[in-house]
Each structure stands twice: as C-alpha cells, then as structure tokens.
Amino acid sequence: MYTRKQALAIAKQFRTCPPPFIQNHPDFKTENKNHLKICPFCAIGSPHGVQEWQELSESFRTQFIAENEQSDILAGQIRQVRPELGCWRDDLYYNPPLVLVLNNIDETEEAVYVAQVWQDLALASPGDLIPPTDLITGFENIFIETWNMYTLRKNDLGTCLGKVSSQVVDEALKMKEDPDYLPDLSRRPLPLTNEDPRRYFHQLEMETGYTFSAMAADALMDEVVMVKTDVLTLSVETLVKSMKRVIPTIDWDWAPDTVDECLAALKFPTESFALRAAEGDNKEINAVYLELKNGKINRIKPIECIIHHAEARSDSYTVSGNIPGLPDNLGQDTFQCHIKNPEKKSLFQGHFSWDSQGKHFIAKFDRALKPNETLSFTIVNDVANGFDQ
Amino acid sequence: MGKDKLSPQAFEAWLKTDKNRNTLKIIAGKTYKKMELNRLNLPGVDIRLTTPDDIFQELMIFLLENEGVRNGLIVGGTETMKRLHGFLWHRLLDITRSAEANQDIYKDTWRLFYRHILDVMGKSDQFVKTKTSSRVILFGRTHESPRAVVMMEDLMDIGYPQDLPAYFQALNTKKNILRLAGYFWEQAAQKTQEPHIQLNVRDFMSWIGQYVNLSNRIDSYPETSDDEIPDNPLAKACQAHEDVMKKKHLTAWANNFYHLLKDIEKKVFYYYECKELKHKDVAELMDKKGNLSYRRDKIRDRLKAFLRPLDWVSPDHGNEQIDSADFKFFRDNLCNLLSTAIEGA
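Note on numbering: residues in each chain are counted from 1, in written sequence order. Chain letters start at A and ligand numbers start at 1, both assigned in the order the entries are written. Restriction of local features to residues with pLDDT of at least 70 applies here, the model being predicted, together with a cutoff of 80 or more for giving and counting side-chain atom pairs; totals for whole chains, interfaces and linings are based on all residues. With hydrogens and water set aside, each side-chain value is computed from the structure's full complement of heavy atoms.

Novice: I keep staring at the overall build of chain B and nothing clicks. Help me out?
Specialist: Helix and strand assignments follow DSSP, with helices taken as H or I runs no shorter than four residues and strands as E runs no shorter than two, numbered in order from the N terminus. Counting secondary structure elements, chain B contains 14 helices and four strands. Accessibility here uses a 1.4 Å probe with only protein chains present; expressed as a share of the type maximum, an area under 20% marks a residue as buried, one over 50% as exposed, and anything in between as partly exposed. Burial statistics for chain B: of 345 residues in total, 45% are counted as buried. Contacts are assigned to residue pairs that have any heavy atoms within 4.5 Å of one another. Once local pairs closer than 6 in sequence are excluded, the contacts in chain B between residues at least 24 apart make up 67%. Counting only carbon and sulfur atoms, one obtains 49% of the accessible surface of chain B, whose full area is about 18,400 Å². Per-residue and other accessible areas were derived by the Shrake-Rupley procedure at a 1.4 Å probe size, with only the shown protein chains allowed to occlude residues.

Below you can see the structure in the form of structure tokens.
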C-alpha cells in the first residue's frame, strides 16, 4: 500500500538531496559531508534511488529535448526552474522545482509570477488545485500549490514540460485570493489530519519556494537601476519599473505622473499583507515602506499604522497613533503624508511629526478630509545612511 | 520533443550507454535492497532467490517496452518512480511464482482470494470494475470519475462488520465477499463524502488483512486468531535480517538528528528529554532566568518533522500506534550521543 508517508519520504529526497553529479563534485566535498551528517535518507544510502532517477532524467533531457522548445514564456506553461540554479542551504541541496507560469511577460520584463507544482497526488491537500487530466498536457497528474506562488526571473525558467489551460491559471489565481474557494474543475483533496505527512510536505514546499524566490529577488534587485535616498529625483518610469521588479503584481490607484504619486498612490497586492487577527477597536492604515540599501531598492512592503485618535474640523484634519513595526531612530524627513483622492487623481500634502522613541506620530492636514478620500503615508528609509531593522 | 530523435532504437542506444547502464544498476541494487528490507518475498519465496541483476534486466525491459516511462523521464518526477516500484513489485511476484520457485496457487491464499474477488465482482450487478492505465483494477458503483482524491490510508480505520466471519475460509464465499465489498464501499463513500468512489481491489484486501489472516502460509495456520502463530523458519530468518537493518537505520537517524541540533539545542533537548529535568533545573543548568519550554517545544516540532517520513518511528498511516521499542531505541541512541557530548564519555 502506497502511503502519504512514503510520498513524503520521496518528496524530501527529490527536493533536498544532492543529485549524483553534485555528490561527486570536488567543489562540494564539505557540503556533501555536512549533508550526509544530517540527511536520514542519504545516511542509509538513499533507498528509493531518487538521485539516480534524477540523473537519468537529466541525461535523457540533454539527449532528446530540442533547443527550439525554449519558446516564449506564456501563462499556463509548466516549466522546470533551470537545473544549474540548484543550491546548498543549511546543509540541504535544493533541487529546482517545476513551476506553473501565471502571467504572460513581454521582452522588457524581467520578473515572472509562478506557482510551484508537484506531481504526486498523494500529497495534495486543501488549497491545492488539481486540474482534470483533459486540461493538462505533458503530465499524467499534477497539482498547483496556490498557497506557494512567488516571483522568479524569466531567465530562471528552463525547459517547458507541459501546459494547463488558461482556465486553470485563472482559477489558481482565484484560489490564491480566496483560500476557501475550490473551483468545480478541480478534484477535491481530503482534509488534513493531525499528524498528516502533508503538513510536513507544506513546510518542505515553502522552504523550496523560498530558496528560489529569495535568490531571484536578490538578483532582480541587483538589476534595479540605481535609486538613491533622493529617490524623489528619479523619473516616474524608472521608479515604476524598479518597483515592479521587486513586486510584479504591485499596482497604483491611478497611473502616477509624479514620484510623489508613485509612492502615495501605490496599492499592494493582497499577498503582501501578513495575516493577522483584528486587534481591538483601533483603526489601521497601511503605509508604504520603501527601504533602500547601497542605493538600491531593498524592500517595499506595507507597514501597519495604528490610529488612536482622529480629529476632523472644517479647515483641518489630524490623526495620531503609532507605527510599532518601524526601525528605531528614523529621521523626520523619512516620512511623508498625503490626503489621496483616487477619483480626482490628486494628492494633498500634510505635515508629519514622528517621535522615534515612542514610535508615535501626528499627521496634520490643513484642510478637511472629504468623503471618498483616504490618507496615505510613505516612509523611505535608506538603511545605509539610517538604521536597519 | 524532437520525435525523430526519440525512435525506439535511439532510446535503446541511449539506455545502453555505460553511464546510463551504471545508473540503472544502482537503481536496481537499491530497489533490491528495499525489497529485501520490506520482505517483498510474497508469496512464500525469499527475495534472496532473486538477484539485483535480475531486477536490472527487468528494469531495462520495462523502460524499453513502456513509452509512457519516457515522458516520466523528461519530468524526472515521482510518478515514474511510483510506476517503476509498482512494476517491480508485480514482476517480483511473477518471479516468485515461477516453476523454479515451485509455487502452487492453491497454497497462495492472497492470490487465490484476489482472483475470487475479481470473479465475484465481475459477475455481480452491484459493482462495476474499471482498469486503470497502470493495470490496477478498481471497483465502484458507477464508471463516473470520483472528484475526491482518496488514499487507502484514509479508509484503513473503517471497522470490520460484526455480522461477517473474520476468518478466511468462512469469508471466502460469493455472498460474504459481496456483502463485505458493499459494506466497505458504503463506509468509504460516507467517510470521504464521495458518491463515485472507486476502490482498488488490492487495497480492499489490505483492509481485510487487518482483520482476517490472509498470510501466505495460512494453510498451516490455525483458523482462530487467538492462537499463537506457529513458527515459520523463513519468516524468522527475514525477521532477524530486518532487525539488523532496522537498528542500523535507527542508529544512523539518531546521529543525523544529533547533528541537526545546534549546541544550545543539544543541551535543551538533553536536559528535558533525556534527563527529564524540570523547567527550574534546566534554567539553572543553562544559566537562564526564564524557562526554556518554548525552545524545547520548537525542538520537539523539528524532531517530529524529521521523523515523519521515516520507517518504524512514525505511523505509516492514520493514527495507528508505532512500536514504542523502536522509538525508544532511537531516543536512547540520541541521548547517548548527547550525553557523551555534554557530560563527557
């Protein structure tokens, strides 16, 4: 009887054991030695022969797959992450996974949004999309980990090994937005049990995804055009492009014409928000936090501002609160605040006071806040000149 | 794919290159070891009557004869491995049933029962049979594809009906087989909320095997489950071999987990889990003000994750109990390593 436990054992070896050409590579003697110390499969001689199968596959692909198959990258393709990107981390060798391409990209774009996939349905669980066989080509079975989507460079993608229909891609993205949603076309995995091996498979998949997405993010940021603290001196096009490279699904309330708008009208994709329980009656807004390091964009993320008090007058609007997640000792000039009107596509600047010790703020605007208007805070932190978290 | 490049001749030539032959030999050797370890000597013939080279030959034939495997090779995924393991399993059964192995089907209870079930199901209008691409035979109430993905382990805790006999000779009648299959199917459909569930006949037998002795030497066994099973020299020899392998593996895994722990974690684990000290004592030994239970719990989680895919030290399916002696052996080995490192030899 084939069990999920066996499926997990095989998955762990596929994902994190070095293939034979790495095992025998003279440059990786230390890494291989360290891996043998901690790997329960390699320690007993990798009983499933996983690495050998990988080696045979690699040899097969090299021999029989034509170069011209490396056509345009299109949504719906199932591609292998390039084998040479396999890497060591924490004494494990992360083998490049198969991914489903989720967006079409043109020649000018560097980043591609993907979902990790796995072939063995024994490890499918709620949150995975299992397309019917008539909507897949190239594979007998596959499931899409809609909870494990990330950004890669387009150059990270290797051979295209199969496809799913555009309907499957759309439904996968819907599942990402709403984890309780299961499209009619998908098969239904059974719920997880207490010590279900699929729980540990999730950990493994997240680690694998993280390994390759972090590598891509670093590389993408290296390619980002120089952005200094005086980010406000950049052209809008450059800034938009740079930000999109960091977060491809980032968007704006309206197409920005100025650098101020580029920051203040920015909308984060939902996956950028950490899941959290509502806390008390405090209202919150999410500020745009842009971190620069060595003159390049290091990070863009939403940061939670808790509003304790708001005072609306006919000629002014004032809010105060705190931003607990910020680094210490940020300077006053790091902050900007605006009233944002998406209908009129306009910004009205206010005065922002920051108490770095207590992490309290007061934002004051010299006019009233109208219906359909919202507040926007932006924080540009140069960690080379300032303070890292 | 460049189809012209992938003619059967080209594939065969590729398969027979020295490098690939060597890789296949390693796979065959490992598969053999795994079969040996798992005592895939059904029905009644020792795996040692075969050799790794037999498995290598079978592998070559399998790869050459099955075009589907080539797609698997492109992907290099788990499906190929599963198919291959399945193939080898059945192939080994064929070998063990060969004239040389002198097997008599009428002494092979499992095989006999399997054939009987297929025959009964085939003639019944209560069930439909479906044959999958990998030659697995499923039974269900309709030919409609089920939507739920069900593993046999999801169904192993279905209880045995009290109104059916739990010994083979009495169970092995047309009427009882149909009643049991009907009962099992209903329970499975209800448990998984899947009205079109289809069940593998072999899995059905695995489930029955939990309650009814379908052992290969059943002809010499007493028929009541309360009696002790008589000595079977072959089983004994295999058991001794498995025990040696098991201990070797458990010792290696204890060593692996030892190396996974950082120095401070080694101490936390050792004081809490090996010496079973209280929070206060651990904190004092570690020169910490607060208790270290959070850190201990994190290490426990890592240990669980480490052990979950491994044989003997975690359940194969569901919430079944594992043999605590195996876990104790692992834990004692780990504690010995920690003791040597922390307290000195």
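Novice: Quick question: what am I supposed to make of the overall build of chain A here?
Specialist: Broken down by element type, chain A carries eight helices and 20 strands. Every one of the 389 residues in chain A was classed for burial, and the buried ones make up 54%. Residue pairs in contact within chain A that sit at least 24 positions apart in sequence constitute 65% of those at least 6 positions apart. Surface accessibility of chain A: about 17,300 Å² in total, with carbon and sulfur atoms responsible for 49%.

Novice: Please explain the confidence of the model for chain A as it appears in this structure.
Specialist: As a note on interpretation, predicted positions should not be read in detail where pLDDT is low. Residue and element names in this part refer to chain A. How sure the predictor is of each residue is captured by pLDDT, a score from 0 to 100. Residues with a pLDDT of 70 or more make up 87% of chain A, whose mean pLDDT is 83. Per-residue pLDDT, averaged within each element of chain A, yields its smallest value for helix α4 (residues 50–64) (76) and its largest for strand β6 (residues 128–129) (97). Counted against residues more than four places away or in other chains, residues 225–229, with its pLDDT under 50, gives 16 contacts. Taken together, the stretch residues 274–281 has pLDDT below 50 and engages in three contacts with residues farther than four places along the chain or on a different chain.

Novice: Looking at this model, I keep getting lost on the interface of chain A and chain B. Mind explaining?
Specialist: Put simply, an interface is often sized by how much accessible area is lost when its parts join up. Between chain A and chain B, the contact holds 59 residues from the first and 66 residues from the second. Summed over both partners, the interface of chain A with chain B buries about 5,700 Å², with 63% contributed by carbon and sulfur atoms. Throughout, the accessible surface (probe 1.4 Å) given up by two parts as they are put together, summed over both, is called the buried area. The largest per-residue losses of area from chain A upon contact with chain B belong to K5(A), W53(A) and F64(A), which jointly make up 15% of the total buried on that side. Put simply, a salt bridge is a Lys or Arg side-chain nitrogen that is within 4 Å of an Asp or Glu carboxyl oxygen. At the boundary of chain A and chain B, one finds five salt bridges. With a shortest N-O distance of 3.1 Å, K5(A) and D316(B) are connected by a salt bridge. Residues adjacent in sequence count toward polar contacts only when both atoms are side-chain atoms; beyond that, a polar contact is any pair of N or O atoms within 3.5 Å, and within protein one must be able to donate a hydrogen and the other to accept it. Across the chain A-chain B interface, the total number found is 17 residue pairs in polar contact (both at pLDDT 80 or more). When contributions to the side of chain A that touches chain B are tallied by element, the ones reaching two or more residues are α1 (4–16), α3 (29–38), α4, β10 (188–189) and α6 (197–223) of chain A. With 11 residues, α4(A) is the single largest residue contributor to the side of chain A that touches chain B. Note that Gly is not counted as nonpolar here; it falls among the polar residues with everything else outside the nonpolar set of Ala, Val, Leu, Ile, Met, Phe, Trp, Tyr, Cys and Pro and the charged set of Asp, Glu, Lys and Arg. Class assignment for the residues of the side of chain A that touches chain B results in 33 nonpolar, 12 polar and 14 charged. The pairing criterion is simple: DSSP has to find at least two bridges between the two strands. Sheet topology note: the β10(A)/strand β3 (residues 148–149) of chain B ladder contains two bridges and is parallel. Across the sheet, the residue bridging to P189(A) is V149(B), located in β3(B).

Novice: Just checking my understanding: could you explain the pattern of salt bridges for this structure?
Specialist: Any two side chains of opposite charge can pair if their charged atoms end up close together. All names here are of chain A. Scanning the model with the defined rule gives 30 salt bridges over all chains in all. The partner of R15 in a salt bridge is E205, and the shortest N-O contact between them spans 2.7 Å. Linking R15 in helix α1 with E205 in helix α6, this pair joins segments that are 190 residues apart in sequence. Since its relative accessible area comes to 0%, E205 is described here as buried.

Novice: Help me understand the sheet that holds strand β13 (residues 283–293) of chain A, please; the structure alone is not making it clear to me.
Specialist: Each strand in a sheet pairs with another by means of backbone hydrogen bonds, the pair being arranged parallel or else antiparallel. Residue and element names in this part refer to chain A. A sheet is described by the order of its strands in space; here eight strands give the open sequence β17-β16-β20-β13-β14-β15-β19-β18, paired in mixed fashion. Where the open sheet ends on each side, the last strands, each with one partner, are β17 (346–349) and β18 (351–355). Each neighbouring strand pair of the sheet contributes to a mean axis angle of 30 degrees, computed without reference to strand direction. Here strand β16 (residues 335–341) runs beside β17; their pairing, made up of four bridges, is antiparallel. Residue H338 lies in a different strand from β17, and its bridge partner there is Q349. Docked against the sheet, helix α7 (residues 236–246) engages β13 and β14 (296–312), running at close to 95 degrees with respect to β14. A fitted line through C-alpha atoms serves as each axis, taken over the contacting stretch for helices, and the angle formed by two N-to-C directions is quoted from 0 to 180°.

Novice: What is the right way to read the confidence of the model for chain B from this model?
Specialist: All names here are of chain B. Here chain B shows a mean pLDDT of 79. Residues at 70 or above account for 72%. Scored below 50 in pLDDT, residues 99–103 makes nine contacts in the model with residues more than four places away or belonging to other chains. The ipTM assigned to the predicted complex is 0.80, against a pTM of 0.70.

Novice: Help me understand the packing of aromatic side chains, please; the structure alone is not making it clear to me.
Specialist: The way to describe two aromatic rings as a pair is by their centre distance and the angle between their planes. All names here are of chain B. Ring geometry is summarised as follows: Phe, Tyr and Trp rings, the Trp one being its six-membered ring, pair when their centres sit within 6.5 Å, and such pairs are stacked at plane angles under 30 degrees, edge-to-face over 60 and tilted between the two. A full pass over the atoms with the stated rule returns 26 aromatic pairs over all chains. Look at F257 and F269: their rings are 6.1 Å apart centre to centre, the planes differ by 65 degrees, and that puts the pair in the edge-to-face class. A residue pair is termed long-range when its members are at least 10 positions apart, and F257 in helix α10 (residues 233–260) and F269 in helix α11 (residues 263–274) qualify at 12 residues. Exposure remark for F269: the relative accessible area of 6% places this residue in the buried category. In textbook terms, an aromatic cluster arises when at least three aromatic residues are bridged by ring pairs, as seen for F127, F139, Y160, Y183, F184, F204, W207 and Y211. In this structure, K25 packs its charged tip against the face of F56, placed 5.1 Å from the ring centre. The aromatic ring of Y272 is capped on one face by R296, whose charged end is 4.8 Å from the ring centroid. In this analysis the charged atom, NZ for Lys or CZ for Arg, is taken to sit over a ring once it is within 6 Å of the ring centre and within 35 degrees of the ring normal.

Novice: Is there a simple way to think about the nonpolar core in this case?
Specialist: Residues and elements named next belong to chain B. The criterion is simple. A nonpolar core is a set of buried Ala, Val, Leu, Ile, Met, Phe, Trp, Tyr and Cys residues joined through side-chain atoms within 4.5 Å. Core analysis: the largest hydrophobic core is formed by 34 residues, its most contacted members being F113, F139, F204, W207 and I208. Among the secondary structure elements, those contributing two or more residues to this core are α6 (109–123), β2 (137–140), α7 (168–171), α8 (174–192) and α9 (201–209). Ranked by residue count, the leading element in this core is α8, at eight residues. What F113 contacts, discounting residues up to four positions off in sequence, is F168, L171, N172, I177, M205, I208 and L214. Core analysis: the second largest hydrophobic core is formed by 31 residues, L261, C274, C335 and L338 among them.

Novice: Can you walk me through the side chain of R153(A) in this structure?
Specialist: All names here are of chain A. Within the fold, R153 resides in strand β8 (residues 143–153). Judged by relative accessible area, which is 19%, R153 ranks as buried. Only 2.8 Å separates the side chain of R153 from the side chain of D156, close enough to count as a polar contact.

Novice: Whenever I open this one, the packing of α6(B) against α8(B) confuses me. Can you help?
Specialist: What describes two packed helices is the angle between their axes and the distance between those same axes. Residue and element names in this part refer to chain B. For the pair α6 and α8, interaxial distance at closest approach is 10 Å and the crossing angle is 80 degrees. As far as their axial angle goes, α8 and α6 are roughly perpendicular. Of the residues in α8, those touching α6 at F113, H116, I117, V120 and M121 are K174, I177, L178 and A181. Among the residues forming the contact of α6 with α8, the class breakdown is seven nonpolar, one polar and one charged. The cut-offs work like this: below 35 degrees is roughly parallel, past 145 is roughly antiparallel, 65 to 115 is roughly perpendicular, and the gaps in between are oblique.

Novice: Help me understand the sheet that holds β2(B), please; the structure alone is not making it clear to me.
Specialist: All names here are of chain B. The sheet built from three strands is open, its strands ordered β1-β2-β4 with antiparallel pairing. Both edges of this open sheet fall to β1 (128–131) and β4 (198–200), since each of them pairs with a single strand only. The mean angle between the axes of side-by-side strands here comes to 35 degrees, regardless of whether they run parallel or antiparallel. Of the strand pairs in this sheet, β1 and β2 are connected by four bridges, and their pairing is antiparallel. The partner of V128 across the bridge, within β2, is G140. Across the face of the sheet, α9 comes into contact with β2 and β4 while running at roughly 70 degrees to β4.

Novice: Quick question: what am I supposed to make of the pairing of strand β9 (residues 157–164) of chain A here?
Specialist: Along any regular strand the residues' side chains alternate between the sheet's two faces. Residue and element names in this part refer to chain A. β9 sits mainly inside the fold: seven of its eight residues count as buried. Note: strand β1 (residues 77–81) against β9, four bridges, orientation antiparallel. Among the inter-strand pairings, I78 is bridged to a residue of β9, identified as G162. Where strand β7 (residues 136–137) lies against β9, two bridges are found, and the strand directions are antiparallel. The partner of I136 across the bridge, within β9, is V164.

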